[in-house]
Amino acid sequence: SFIIFNGDITDRQNAKVDIEDRGYQFGDGIYEVVRIYNGHPFALTAHIERFFESAAKIQMDISYSKEKIESLIYALLDKEGKSTASLYLQYSRGISVRNHVIPKNINGTLVGYLLDGERPVALMENGVSAIIAADTRWLHCDIKSISLLGNILAKSKAVEAGCTEAILHRDQIVTEGSSTNIWIVQDGELITHPANNLILNGITRQQLIMIATQHDMPYTEKSFTVTELLHADEVFLTSTTLEIVPITIIDGKKIGNGKPGAITKELQKLFTLSIEAECGL
Ligand code: PMP
């Protein structure tokens, strides 16, 4: 298989990263995951924008233009010829003798390759269960950092409990999932945490806000508590790879009647239509 590696497409075996790459030693880097439908990247412009925004937030200059990165992605898709997949794109600060201080004038390391994966149809239809866990991460969750220890510990805790996701809270305020944004539906209104430093402003989240706006579905970006979560009419998660998945059981308790909710299902339909419109599924 092939890989985007520092401005070129090469055989994956040829891509080797130095042990003093700061991504490897410090988790000093940022990433994106882009869904590929029907061979086409979905919401690519938004992902590349966020890639550059994440880099800027950690004072990192990406040594390739947005246009260059886009053309590398299309070249990779062309070579791989896959229909459904996820593109993983990462930029780390680059190679420098180990020292916390951010080095000046070094080139970062760009890597991008495809991960296999069909749309999670069964999860979308049946819903999943989740646990509630303390959000022990740092206060820059808006940066799509490759340092993901807090996220992986939470996700693993969920999976150990036989669940799919960990819903995180800070002092009882629900922030987001370990790798997803969390939404509740209450009295017909969609509610999700505001896009501030405590969450990643998901591209799927942004797409859903657009869809809600277009279809006059009431929504609010505001904080809600764990108690409100547990008593919501519907709960669902969003992410690039999972799309929109109902959460039907939290900490062993049913949400509503324990079945995917009507508004969640409506949003799934509208989201699929927007994928079809862009990628021609
Ligand atoms: N929050 C976190 C912590 C994430 O890691 C992700 C993406 N994996 C999301 C939210 C969802 O973002 P997106 O819709 O852009 O995939």
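Predicted model, so just to flag it, every value in this text is computed and none were measured. (Residues numbered from 1 in each chain as written. Predicted model: local features only at pLDDT ≥ 70, side-chain atom pairs only at ≥ 80, totals over all residues. Heavy atoms only, no water.)

1. Thoughts on the environment of A154
Now for step 1: Looking at the secondary structure, you find A154 in helix α5 (residues 149–160).
Now for step 2: Along the chain, A154 and K265 lie 111 residues apart, while their C-alpha atoms are 27 Å from each other.
Now for step 3: Ignoring sequence-local partners within four residues, the contact set of A154 consists of A166, L168 and S178. (Helix = DSSP H or I, 4+ residues; strand = E, 2+ residues; numbered from the N terminus. Contact = heavy atoms within 4.5 Å.)

2. With respect to unusual backbone geometry
Now for step 1: Phi at D171 is positive, roughly 50°, even though this residue is not glycine.
Now for step 2: Counting through the fold element by element, D171 comes out in the loop between β8 (165–170) and β9 (173–177).
Now for step 3: At D251, a position not held by glycine, the phi torsion is positive, near 50°.
Now for step 4: With respect to the secondary-structure elements, D251 resides in the loop between β14 (243–250) and β15 (253–254).

3. A closer look at the packing of aromatic side chains
The relative placement of two aromatic rings is captured by the distance of their centres and the angle of their planes.
Now for step 1: Taken as a whole and judged by the stated rule, the model has six aromatic pairs.
Now for step 2: Each ring, one from F42 and one from F271, has its centre 5.6 Å from the other, and the planes form 90°; the classification is edge-to-face. A residue pair is termed long-range when its members are at least 10 positions apart, and F42 in the loop between β4 (40–41) and α2 (44–57) and F271 in helix α8 (residues 262–279) qualify at 229 residues. Both residues of the pair, F42 and F271, belong to the buried class. (Phe/Tyr/Trp six-rings, centres within 6.5 Å; stacked < 30°, edge-to-face > 60°. Buried < 20%, exposed > 50% of the residue type's maximum accessible area, 1.4 Å probe, protein only.)

4. Considerations on the domain arrangement of the protein
Many structure descriptions define interface size as the accessible area lost when the parts assemble.
Now for step 1: Looking at the assigned domains, one finds that the protein contains domain 1 (2–116) and domain 2 (121–279).
Now for step 2: Taking only C-alpha atoms, the centre of domain 1 and the centre of domain 2 are 26 Å apart.
Now for step 3: Listed per partner, the contact involves 27 residues of domain 1 and 20 residues of domain 2.
Now for step 4: Interface area for domain 1 against domain 2, summed over the two sides, is near 1,900 Å², with a carbon-plus-sulfur share of 62%.
Now for step 5: Contact with domain 2 buries surface across domain 1, with Y31, F42 and R50 losing the most and accounting together for 35% of the total. (Domains from an automatic or database assignment. Buried area = accessible area lost by both parts, 1.4 Å probe.)

5. Some points on the site of the ligand
Now for step 1: In the vicinity of the ligand lie 18 residues, with R50, E176, I203, T204 and T240 positioned nearest.
Now for step 2: Backbone polar atom of S179 to a nitrogen atom of the ligand: 3.2 Å apart, as the coordinates give it.
Now for step 3: T240 places a polar side-chain atom, nitrogen or oxygen, 2.6 Å from an oxygen atom of the ligand.
Now for step 4: About the coverage of the ligand: the protein hides 91% of its 400 Å² of free accessible area.
Now for step 5: For the shell around the ligand, the secondary structure elements donating two or more residues are β9, α6 (203–214) and β13 (234–239).
Now for step 6: When grouped by side-chain class, the residues that make up the shell around the ligand number three nonpolar, eleven polar and four charged. (Near = heavy atom within 4 Å. Polar contact = N/O pair within 3.5 Å; in protein donor to acceptor, adjacent residues only side chain to side chain. Areas by Shrake-Rupley, 256 points an atom, 1.4 Å probe, with all protein chains shown as cover. Nonpolar A, V, L, I, M, F, W, Y, C, P; charged D, E, K, R; others polar.)

6. Notes on the pattern of salt bridges
Now for step 1: This model, assessed by the stated rule, comprises twelve salt bridges.
Now for step 2: In this structure, D28 and R93 form a salt bridge, with 2.8 Å as the shortest nitrogen-oxygen distance. Highlighted residues: D28 in the loop between α1 (22–26) and β3 (29–37) and R93 in the loop between β5 (85–92) and β6 (109–116), separated in sequence by 65 residues.
Now for step 3: For D28, a relative accessible area of 10% translates into the label buried.
Now for step 4: Between K66 and E49 there is a salt bridge, with its nearest N and O atoms 3.0 Å apart. Separated by 17 residues along the polypeptide, K66 in helix α3 (residues 66–80) and E49 in helix α2 bring together distant segments of the chain. (Salt bridge = Lys/Arg side-chain N within 4 Å of Asp/Glu carboxyl O.)

7. Here's the deal with the packing of α6 against α8
The relative placement of two packed helices is expressed as an angle between their axes plus a distance between the axes.
Now for step 1: Where α6 meets α8, the axes come as close as 10 Å, and the angle between the chain directions of the two elements is 105°. Between α6 and α8, the angle falls in the class roughly perpendicular. Along its contact with α6, which presents T204, Q207, L208 and I211, the element α8 presents L267, L270, F271 and S274.
Now for step 2: Its residues placed into classes, the contact of α6 with α8 shows five nonpolar, three polar and no charged. (Axes fitted to C-alpha atoms, helices over the stretch in contact; angles between N-to-C directions. Parallel < 35°, antiparallel > 145°, perpendicular 65-115°, else oblique.)

8. Some words on the environment of N126
Now for step 1: Among the secondary structure elements, N126 is positioned in helix α4 (residues 121–126).
Now for step 2: Not counting chain neighbours up to four residues away, the residues in contact with N126 comprise T248 and P260.

9. Brief notes about the nonpolar core
Now for step 1: If you look at the biggest cluster of nonpolar residues, it comprises 25 residues, and the most contacted ones within it are I30, F51, I62, I69, I73, Y91 and L110.
Now for step 2: The set of elements that each furnish at least two residues to this core consists of β3, α2, α3, β5 and β6.
Now for step 3: Sequence-distant contacts of I69, defined by excluding residues within four places in its chain, comprise I48, F51, F52, I62, Y64, L89 and L110.
Now for step 4: In terms of nonpolar packing, the next biggest core, distinct from the first, is built from 20 residues, M124, V174, V235 and L242 among them. (Core = buried A, V, L, I, M, F, W, Y, C linked by side-chain atoms within 4.5 Å.)

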